[in-house]
Amino acid sequence: MMDRREFMQGAGAAAAITALPVARPDPMVGIQVGAVSFVDEGVEKCLDIFQEEGAVNTLFVATFTYGRGIAGRQVPGQPLPDHGNQQYDTDTFHGGCFTAVNPKYFTETPVKSFRAPDFGDYDVLREVIPAAKKRGLKTICWFEDRFRRDVPNVDQLQEKRLSGAAADTLCINNPHYRNWLLGMVENWGYGYGIDGIMWGSERQGAFANAIEATHDEASPPMHVTCFCQYCRAKAKAQGIDPERAHKGFLELVKFVEASRSGQLPVDGYFVTLWRLMLYYPELLAWEMLWTQGLRDTYAAMYAKAKEVKPSLQVGWHIWHNHTFCPIYRAEQDLPAIAPHSDFLKMVIYNNCGGERLAEYVDNLHSAAYRDVPKEELLAFHYRVLDYTGGSLQEIPFTGLSADYVYREAKRCHDGLKGTKTKLWPGIDIDIPTEKGHSKCTPEGVRDAVVAALRAGSDGVLLSRKYSEMKLANLRGAGDGVRQFSKA
């Protein structure tokens, strides 16, 4: 039995230990970079810049895409940054897989020829990983579902539009595409000493696309997808009538096209849309069919990666539309995605966010919300999405604030509470905007990084690609990391 003095001394020591500040782990600081940067500038030089300027500790290497968003040099028409080859690659960019492709992993899919011809037999992972490991840098393969129509046999994987024509996009409910994705996971997981995989799909279902609930350029409503044999079969298995869904979408197309031409329905645009949804509940069911297909794809890729190597970190790039569109946000149910996600890159691009939000409001106003003045529609979205910004006329020129980054990161952080999933928001560094619109500054990038980390994020991912970033703005991101670490 200890006496009272011994007890009080022990209690005091315990209290002192408890009062010590708990050291927080260093945040993950990633940068998205394509093969062209390493070819143009050299691996060691790039890594020097990433570490010294951006405080980077993880490379997200664009290993496959046919899109210019994450690969290639600066987008034509935008100013070239102050590093790299000072010319555009308009005539030379092709895209595809920037690593070796082992055919044994693609026996269950007809798409077998997709090696990028841009740099001959250059293998970006073979070149980068050894140098990265010497520096203690991790390497994550970063790829997206962007394809070309001239890829051999890609027609067997393509989505079908409402019109019956083939789309440029591939169907996530098509087993051939699913097998191709799993093959890519095996190709990199078995073939290289990578630390993880991140895949992104910047798409949504037919209903949201039909009413133009997107910040991207709107396409004709008859182009909505997917109505292929695999989607129809999956719908039937879930008790959804594909024929009623098809008929409902044809009626929805009529409504959207009439709205675009200014034909006012007797009961207004919003009421008429709801009437269609009540008569054809298959409209929303088909939207969720696509969303569930995406989640099933996540689960399959996650399981395959863990089968290949349990320590691989697997996560997803979540499209910017989650911060603009209430429908898409509802679909991104983070607790439902978390069981198949070691991390989530939630896109929270603030500088280009103003321009994109304005485009989203313009698109949405063309049909579903044509009854509502655009400024009121923007105010409605600010309220229901729980962040603020300037007027519709202002935001393309001002962008969105660091407070937007904080609020969105905090929301995602709170949504992931109780899960093992890490939150790594995507931070905007010189993502292209129209001439005269808001441009990134070192201070703006710094403040966005600090805001994301202050909101409880486990790291940040500097985006979209190094080949369009100005070095001063990359340094601003590093300053933000260092400022937060010292706080």
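Values in this document were obtained by computation on a predicted structure and should not be read as measured data. (Residues numbered from 1 in each chain as written. Predicted model: local features only at pLDDT ≥ 70, side-chain atom pairs only at ≥ 80, totals over all residues. Heavy atoms only, no water.)

**Student:** I would appreciate a short explanation of the overall build of the protein chain in the present structure.
**Tutor:** Helix and strand counts for the protein chain stand at 18 helices and 12 strands. Here the protein chain has a C-alpha radius of gyration of 24 Å; the compact-globule value for 487 residues is 23 Å, and the two agree. Principal axes of the C-alpha set define a box for the protein chain whose edges measure 80 × 60 × 55 Å. In the protein chain, which comprises 487 residues, the proportion classed as buried is 56%. For the protein chain, the proportion of contacts with a sequence separation of at least 24, taken over those separated by at least 6, is 78%. Accessible surface computed for the protein chain: about 20,400 Å², of which carbon and sulfur atoms make up 54%. Side-chain charges of the protein chain comprise 55 positive and 60 negative groups, with the mean position of each set lying 3 Å from the other. (Helix = DSSP H or I, 4+ residues; strand = E, 2+ residues; numbered from the N terminus. Rg over C-alpha atoms; globule rule 2.2 N^0.38 Å. Buried < 20%, exposed > 50% of the residue type's maximum accessible area, 1.4 Å probe, protein only. Contact = heavy atoms within 4.5 Å. Areas by Shrake-Rupley, 256 points an atom, 1.4 Å probe, with all protein chains shown as cover. Lys, Arg positive; Asp, Glu negative; His and termini not counted. Charge placed at Lys NZ, Arg CZ, Asp CG, Glu CD.)

**Student:** In this structure, what is going on with the environment of cysteine 352? I would like to understand it.
**Tutor:** Inspection of the secondary structure assignment puts cysteine 352 in helix H13 (residues 351-365). Sequence spacing of cysteine 352 and phenylalanine 397 is 45 residues, and the spatial spacing of their C-alpha atoms is 9.3 Å. Not counting residues within four places of it along the chain, the set of residues in contact with cysteine 352 comprises His320, Asp428, Ile431 and Thr433.

**Student:** Even after reading the chapter, I still don't get the pattern of salt bridges, so can you show me in this structure?
**Tutor:** Close approach of charged atoms allows side chains of opposite charge to pair. Taken as a whole, this structure holds 30 salt bridges when the rule is applied. For aspartate 40, the salt bridge identified is with arginine 73, shortest N-O distance 2.6 Å. Separated by 33 residues along the polypeptide, aspartate 40 in helix H2 (residues 35-41) and arginine 73 in the loop between strand E2 (58-65) and strand E3 (96-97) bring together distant segments of the chain. Residue class for arginine 73 comes out buried when judged on its relative accessible area of 11%. Here aspartate 414 makes a salt bridge to lysine 417, at a shortest N to O gap of 3.7 Å. Its relative accessible area of 56% is what places lysine 417 among the exposed residues. (Salt bridge = Lys/Arg side-chain N within 4 Å of Asp/Glu carboxyl O.)

**Student:** Hey, could you run me through helix H4 (residues 124-134) in this one?
**Tutor:** Helical geometry: 3.6 residues make up each α-helical turn, so side chains three or four residues apart lie on a common side. Regarding H4, the residues found buried are Val124, Leu125, Val128, Ile129, Ala131 and Ala132. The N-terminus of H4 is capped by aspartate 123, whose side-chain oxygen sits 3.1 Å from the backbone nitrogen of leucine 125. Two residues or fewer past H4, glycine 136 is found with a positive phi of approximately 80°. (Polar contact = N/O pair within 3.5 Å; in protein donor to acceptor, adjacent residues only side chain to side chain.)

**Student:** Whenever I open this one, the packing of helix H8 (residues 242-260) against helix H9 (residues 269-279) confuses me. Can you help?
**Tutor:** The angle between the axes and the distance between the axes are what describe a pair of packed helices. The contact between H8 and H9 brings their axes to 10 Å, and the two run at 170°. Classed by the angle they form, the pair H8 and H9 counts as roughly antiparallel. Along the contact surface, H8 presents Arg244, Glu251, Leu252, Phe255 and Ser259, while H9 presents Tyr269, Thr272, Leu273, Leu276 and Tyr279. Broken down by class, the residue content of the contact of H8 with H9 amounts to six nonpolar, two polar and two charged. (Axes fitted to C-alpha atoms, helices over the stretch in contact; angles between N-to-C directions. Parallel < 35°, antiparallel > 145°, perpendicular 65-115°, else oblique. Nonpolar A, V, L, I, M, F, W, Y, C, P; charged D, E, K, R; others polar.)

**Student:** Teacher, can you tell me more about the packing of aromatic side chains here?
**Tutor:** For any pair of aromatic rings, the description consists of the separation of the ring centres together with the inter-plane angle of the planes. Throughout the structure, instances matching the rule amount to 29 aromatic pairs. Ring plane angle 70° and centroid distance 5.9 Å describe the contact between tyrosine 382 and tyrosine 387, whose orientation is recorded as edge-to-face. One exposure class covers both tyrosine 382 and tyrosine 387, and it is buried. Taken together, the aromatic side chains of Phe64, Tyr66, Phe106, Phe114, Phe147, Tyr177 and Trp180 make up a single cluster linked through ring pairs. Across the ring face of tyrosine 406, the terminal group of arginine 454 is positioned such that the distance to the ring centre comes to 4.2 Å. (Phe/Tyr/Trp six-rings, centres within 6.5 Å; stacked < 30°, edge-to-face > 60°. Lys NZ or Arg CZ within 6 Å of the ring centre and 35° of its normal.)

**Student:** Help me out: how do you make sense of the side chain of glutamine 74 in this one?
**Tutor:** In this fold, glutamine 74 is placed in the loop between E2 and E3. Classification of glutamine 74 as buried rests on a relative accessible area of 3%. Within the local environment of glutamine 74, its side chain forms a polar contact with the backbone oxygen of proline 79, the two atoms lying 3.0 Å apart. For glutamine 74, the contacting residues outside a window of four places in its chain are Arg68, Pro79, Leu80, Pro81, Tyr88, Asp89, Pro432, Ser467 and Glu468.

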